[in-house]
Amino acid sequence: MTTLVLCVDRSNDVGRKAGVDTPVVGWEAVRSLVTDLGLADPEDAGVNSLLESLRVARDLSDEGEEVVVAVVSGAGDSAVRADRALARQLDDVLATNEFDSAVVVIDSAADERAVPMVESRLPVDAVDRVVVRQARDLESTYYLLKQFMADEELRETVLVPIGVGLLILPALLVYFSPAIAVAAVTTLLGATLLYYGMGMDEAVESAPEHAREALYSGQVSVVTYVAALGLSVVGVFLGVLSASPVEGAEFVAGLQFAYAAVPWLALAALTASFGRLLDELIRDEGVRTPYLNLPFGVLAVGLLFRGFAGYFLEQEAGKEPLVLLGYALSPTQRLAVFIVGGIALALVGVRVAASVSDETLDEVIDETGSGSTGDAGIGGNRGDGG
C-alpha cells in the first residue's frame, strides 16, 4: 500500500518566493525546498505546511507504510489557470507511481478548494489543515465566518436584519435626529433577534396551518380565541384611558391601568379556556383536570390582581371606606375579601375538577414532570377515564 502525502500550494508561494519549479517529489527534494522557502520568507505559512507534510510522511513510514511526499502549486495569473496547473502537476505526480490513497496537507481556505480535484483522481484518507499557532484565532475566525455564510438559515436570521437596519439608517438620519435614528435601528434589530431567538417565527409559520385544521375539525375554541382577543384589546384600551399620566407617578398610572384592564383580560382568558373546555366535552373523551382547573384559576388570579390594585389606589387617593351590606370596609378589609375570594375560587376549581375528572393528582403531576409544557403538556397522554 502506497500513500501519497500531497502538500498543496494553490497560491504558488513556492514558485514565486523560492524560485523552484513544481511538482517536487521525494523526501530529500521536499526537505531541500523547506530550506529554500524558509530562507526566502521565514514568515510564510507554507514553510509550516511543508514541514507538516514531512512529519506526516515520517509517521506513516514508521508505521510500516510506503509513503511518497510531493508538493504541487498553482502557477497562473487567474484562478482557472492556477487550478489547471495544479491538475497537470497532480497528474505528473500520479504518473510516477501507483498510489492507493492520499493525505492532503493545506494551510489556507484557498488551498482547500483543490481537495475535490485530488479526490477525483485518488481516494483521500485525510485532509490536514495547518494553522500557524500565532494566527490560530484569526484563521479559526475565518473558517467560522465561512461556515456561517454557508448556512442559509443563519444568513436570513442575522444578516438580513442587519442589512435592513443599515439601509434604513441613512434615511432616518436625514429626517430625524441621530439619537432617534439609532434608537429605531437598534429596536428593529433587537425585536428581530428576539423574534427568531424565542422561536416566534416557527409559531407564526405554523399558525395558519393550525387555524385551518381547527376550522376544518369544527373546534369551538377558534371562535372563543377570537372573542378573547377582542376582549383583550378592549381591556388594554380601557386601561390606557383610565391611566392618568402624572409626572413622578408612573406607578400609580400602572395601577390604574391594571385596575381597569384586569377584569377584561380575565374575561378574555376565561372565554379562551371555556372554548377549550367545550372542545373536550364535544369530543366525548372525558374532560381532564387541567382544563377544569383553568377557568377557576383565571378568575382567582384576576380577583387577586384587582384586589391589590384597588388597595393601592385607595391608599393613594384616601377614599372613604366601602360600604357592603351595611358594613364599612376599609381598604385592608376589602383586600382581605378579594384574597379570600381568590383562594376560595381556586379551591372550588380543585374540588370540581376532582369530582368531574377521573384523573388523579399523581397522573397530572406525572404528565407535567415528563417534560411537556403548555399545550403540549395539556394535550399529552390522557388518563384512564373518559
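Definitions and cut-offs
Residues numbered from 1 in each chain as written. Predicted model: local features only at pLDDT ≥ 70, side-chain atom pairs only at ≥ 80, totals over all residues. Heavy atoms only, no water. Helix = DSSP H or I, 4+ residues; strand = E, 2+ residues; numbered from the N terminus. Buried < 20%, exposed > 50% of the residue type's maximum accessible area, 1.4 Å probe, protein only. Contact = heavy atoms within 4.5 Å. Areas by Shrake-Rupley, 256 points an atom, 1.4 Å probe, with all protein chains shown as cover. Pairing = 2+ DSSP bridges. Core = buried A, V, L, I, M, F, W, Y, C linked by side-chain atoms within 4.5 Å. UniProt positions renumbered as here; feature names shortened; annotations may be inferred. Salt bridge = Lys/Arg side-chain N within 4 Å of Asp/Glu carboxyl O. Patch = residues over 30% accessible without salt bridge, like charges linked within 9 Å, V, L, I, M, F, W, Y side chains within 5 Å. pLDDT = per-residue confidence, 0-100. Expected span 1.5 Å × (residues − 1). Arc of directions from axis to C-beta. Axes fitted to C-alpha atoms, helices over the stretch in contact; angles between N-to-C directions. Phe/Tyr/Trp six-rings, centres within 6.5 Å; stacked < 30°, edge-to-face > 60°. Lys NZ or Arg CZ within 6 Å of the ring centre and 35° of its normal.

As annotated in an unreviewed UniProt entry, the protein chain carries the name DUF373 family protein and is attributed to Halobaculum halobium.

A. Seen up close, the overall build of the protein chain. Scanning the protein chain from terminus to terminus reveals 16 helices and seven strands. Within the span of the protein chain, comprising 386 residues, buried residues form 33% of the whole. Once local pairs closer than 6 in sequence are excluded, the contacts in the protein chain between residues at least 24 apart make up 66%. As presented, the protein chain carries roughly 23200 Å² of accessible surface, and 62% of it is formed by carbon and sulfur atoms.

B. Just the pairing of strand β4 (residues 101-106), in detail. Judged by how many residues are buried, β4 sits mostly within the fold: six of six residues are covered. Burial along β4 is two-sided: the residues S101, V103 and V105 and A102, V104 and I106 are all buried. Here strand β1 (residues 2-9) runs beside β4; their pairing, made up of five bridges, is parallel. Across the sheet, residue C7 finds its bridge partner in β4, namely V105. Relative to strand β5 (residues 124-129), β4 is paired through five bridges, and the arrangement is parallel. Its bridge partner lying in β5, V103 is registered against A126.

C. Summary view of the nonpolar core. Counting residues in each nonpolar core, the largest one holds 20 residues, and the members touching the most others are V5, V30, L33, L37, L50, V69 and V71. Of all elements in the fold, only β1, α1 (13-18), α2 (27-40), α3 (45-62), β3 (66-73) and β4 reach the threshold of two or more residues within this core. Considering each element in turn, this core owes the most residues, six residues, to α3. Beyond its immediate stretch of four places on either side in the chain, L37 contacts D13, V14, K17, A18, D44, G46, V47 and L50. Judged by nonpolar contacts, the second largest core, of 19 residues, contains A87, L90, V93 and F99.

D. Seen up close, the UniProt feature "transmembrane region" (unreviewed entry) in the protein chain. This chain's UniProt record puts "transmembrane region" (unreviewed entry) on residues 154-173, 179-199, 220-244, 256-278, 290-313 and 333-354. Annotation note: span residues 220-244, helix share 88%, strand share 0%, distance between end C-alpha atoms 38 Å. Across residues 256-278 one finds 100% helix and 0% strand; the C-alpha atoms that close the span lie 34 Å apart.

E. Up close: the pattern of salt bridges. Counted under the stated rule, the structure contains seven salt bridges. A salt bridge links R16 to D13, with the shortest nitrogen-to-oxygen separation between them at 2.4 Å. Taken together, the residues R16 and D13, both in helix α1 and three residues apart, mark about one turn of the helix. Here R16 falls in the exposed class, since its relative accessible area comes to 54%. Overlapping salt bridges bring together E52, R55, R58 and D59 as one network.

F. Here's a closer look at a nonpolar patch on the surface. Taken together, the side chains of V160, V164, L167, I168 and L188 define a hydrophobic patch exposed on the protein surface, amounting to about 410 Å² of accessible area. For the nonpolar patch, the element with the highest residue contribution is helix α8 (residues 152-175), accounting for four residues. Mapped onto the secondary structure, V160 falls in helix α8.

G. Structural detail: the confidence of the model for the protein chain. Here the protein chain averages 76 in pLDDT, and 74% of its residues register 70 or above. With pLDDT under 50 throughout, residues 360-365 is counted as low confidence; its partners more than four residues away or in other chains account for six contacts. Of the regions scoring below 50 in pLDDT, residues 367-386 engages in 27 contacts with residues more than four places distant in sequence or in other chains.

H. Region of interest: helix α9 (residues 178-197). Between the first and last C-alpha of α9 there are 28 Å, a value that for 20 residues agrees with the 28 Å anticipated at 1.5 Å per step. Residues A181, V185 and T192 constitute the buried set of α9. With its buried residues spanning 30 degrees around the axis, α9 presents them on a single face. Away from its buried face by more than 90 degrees, α9 exposes A179, T187, L194 and G197.

I. Examining the sheet that holds β5 more closely. Judged by pairing direction, the sheet is mixed, and its five strands sit side by side in the order β2-β3-β1-β4-β5 without closing on themselves. Each edge of the open sheet carries a strand with a single partner, namely β2 (24-25) and β5. α3 contacts β1, β3, β4 and β5 of the sheet and is inclined by roughly 175 degrees relative to β1.

J. Focus on the side chain of T3. Of note, T3 is situated in strand β1. If we ignore the near neighbours within four places in the chain, the residues touching T3 are L60, E65, E66, V67, V68, F99, S101, A102 and V103.

K. Fine view of the packing of aromatic side chains. Counted by the stated rule, this structure contains one aromatic pair. With centroids separated by 5.6 Å and ring planes inclined at 70 degrees, the aromatic side chains of Y311 and F312 adopt a geometry described as edge-to-face. Sitting above the plane of the Y259 ring, R306 keeps its charged end 3.7 Å from the centroid.

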